[in-house]
Amino acid sequence: MSERAPAPGSLALIQSLVNTLDVRTGADSLDTAEGRARFGLPEDGLPAARELRESLRAALLAHAGHPPHRAVTPLGELLAAAPLAVTVDPADGSAALAPADARPLLSRVAAAVAEALIAGTWTRLKACEAADCHWAYYDRSPAGRGRWCSMQGCGARAKMRRYRANRTEGT
C-alpha cells in the first residue's frame, strides 16, 4: 500500500473508498461500523457500496492502461443513477456540479468525478498495476505514467520479477 500523499480535493473520497479493501489480505474496512461511518453508510448499503468501489477500481485500472480486475457494472451505469445539480455562487457567479442529495455515497462520488473532470485530475487517479494490490493512488509524476502505488513496494517487486525473468531467458 502506498506511501503517496492523498489525492487532491474530492478525489480523496474516491481514493479512500477504493482503498477500503486490501486485495492482498481480503480485509475490508467496510465490514466495521467505523469503516462504514467514514462514508455515512448504513449496513444495508454495503452491497451497493462494494459494487461502486469495484467499478471505481476498474476505472482507475483503465486510467493506468490496465484491464479490469474482474467483470463489474460499468461505472457510468452506476453514476447515471446519481442526480447532480448545478449550483451557482451568487457572490462571484462561479458554477459547480453538486449532489442533488449529499447523503448517498453514490451522489457524493458522482459529484467528485464531475469535479475532477472539470479540474482535469480524474485520469490521474489510478489503481496499482500489481494484481495483488490494485491500491488507488494519485499519479503526480510529470508525464502521468505512474504504474504502481509505491516504487519501494509494488514497483520494486515488479522490476525484480522482470529482471529475474530476463535473466532466466538469457541463460
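Reading the values: rules and limits
Residues numbered from 1 in each chain as written. Predicted model: local features only at pLDDT ≥ 70, side-chain atom pairs only at ≥ 80, totals over all residues. Heavy atoms only, no water. Helix = DSSP H or I, 4+ residues; strand = E, 2+ residues; numbered from the N terminus. Buried < 20%, exposed > 50% of the residue type's maximum accessible area, 1.4 Å probe, protein only. Contact = heavy atoms within 4.5 Å. Areas by Shrake-Rupley, 256 points an atom, 1.4 Å probe, with all protein chains shown as cover. Core = buried A, V, L, I, M, F, W, Y, C linked by side-chain atoms within 4.5 Å. Salt bridge = Lys/Arg side-chain N within 4 Å of Asp/Glu carboxyl O. Axes fitted to C-alpha atoms, helices over the stretch in contact; angles between N-to-C directions. Parallel < 35°, antiparallel > 145°, perpendicular 65-115°, else oblique. Left-handed = near helix turned anticlockwise from the far one by under 90°. Nonpolar A, V, L, I, M, F, W, Y, C, P; charged D, E, K, R; others polar.

## Examining the overall build of the chain
Thinking step 1. Broken down by element type, the chain carries 6 helices and 4 strands.
Thinking step 2. Mapped in sequence order, the helices and strands of the chain form the string α-α-α-α-β-β-α-β-β-α.
Thinking step 3. Counting the 171 residues in the chain, one finds 40% classified as buried.
Thinking step 4. For the chain, restricting intrachain contacts to residue pairs at least 6 apart in sequence, the fraction spanning at least 24 positions comes to 49%.
Thinking step 5. Carbon and sulfur atoms make up 58% of the accessible area of the chain, which totals about 9300 Å².

## Some words on the nonpolar core
Thinking step 1. Formed by 30 residues in total, the largest nonpolar core has its most connected members in I14, L56, V109 and W122.
Thinking step 2. Only α1 (11-18), α3 (46-63), α4 (75-79), α5 (105-119), β3 (125-127) and β4 (136-138) provide two or more residues apiece to this core.
Thinking step 3. Counting residues per element, this core draws most heavily on α3, at 7 residues.
Thinking step 4. Dropping the residues within four chain positions of it, W122 is found in contact with L11, I14, L56, A59, L60, H63, L75, V113, A116 and L117.
Thinking step 5. Ranked by size, the runner-up nonpolar core spans 7 residues in total, among them C133, W135, C149 and C154.

## Some thoughts on the pattern of salt bridges
Thinking step 1. Considering all chains together, one arrives at 9 salt bridges under this definition.
Thinking step 2. R103 serves as the salt-bridge partner of D101, at 2.7 Å between the closest nitrogen and oxygen.
Thinking step 3. Judged by its relative accessible area of 28%, D101 falls in the partly exposed class.
Thinking step 4. Looking at R103, the relative accessible area reads 65%, which means it is exposed.
Thinking step 5. D139 is the salt-bridge partner of K126, the closest N and O atoms lying 2.7 Å from each other. Remark: D139 occurs in the loop between β4 and α6 (151-170) and K126 occurs in strand β3; sequence separation between them is 13 residues. Each member of the pair, K126 together with D139, is buried.
Thinking step 6. Each of the salt bridges in this network shares a partner with another, and the network as a whole consists of D28, D31, R50, R53, E54 and R57.

## Overview of the packing of α3 against α5
Thinking step 1. Direction vectors running N to C along α3 and α5 enclose 20°, while the axes themselves pass 10 Å from each other. The angle between α3 and α5 falls in the class roughly parallel. With respect to the hand of their crossing, α3 and α5 are arranged in right-handed fashion. Seen from α3, the contacting residues are A49, L52 and L56; seen from α5, they are L105, L106 and V109.
Thinking step 2. Broken down by class, the residue content of the contact of α3 with α5 amounts to 6 nonpolar, no polar and no charged.

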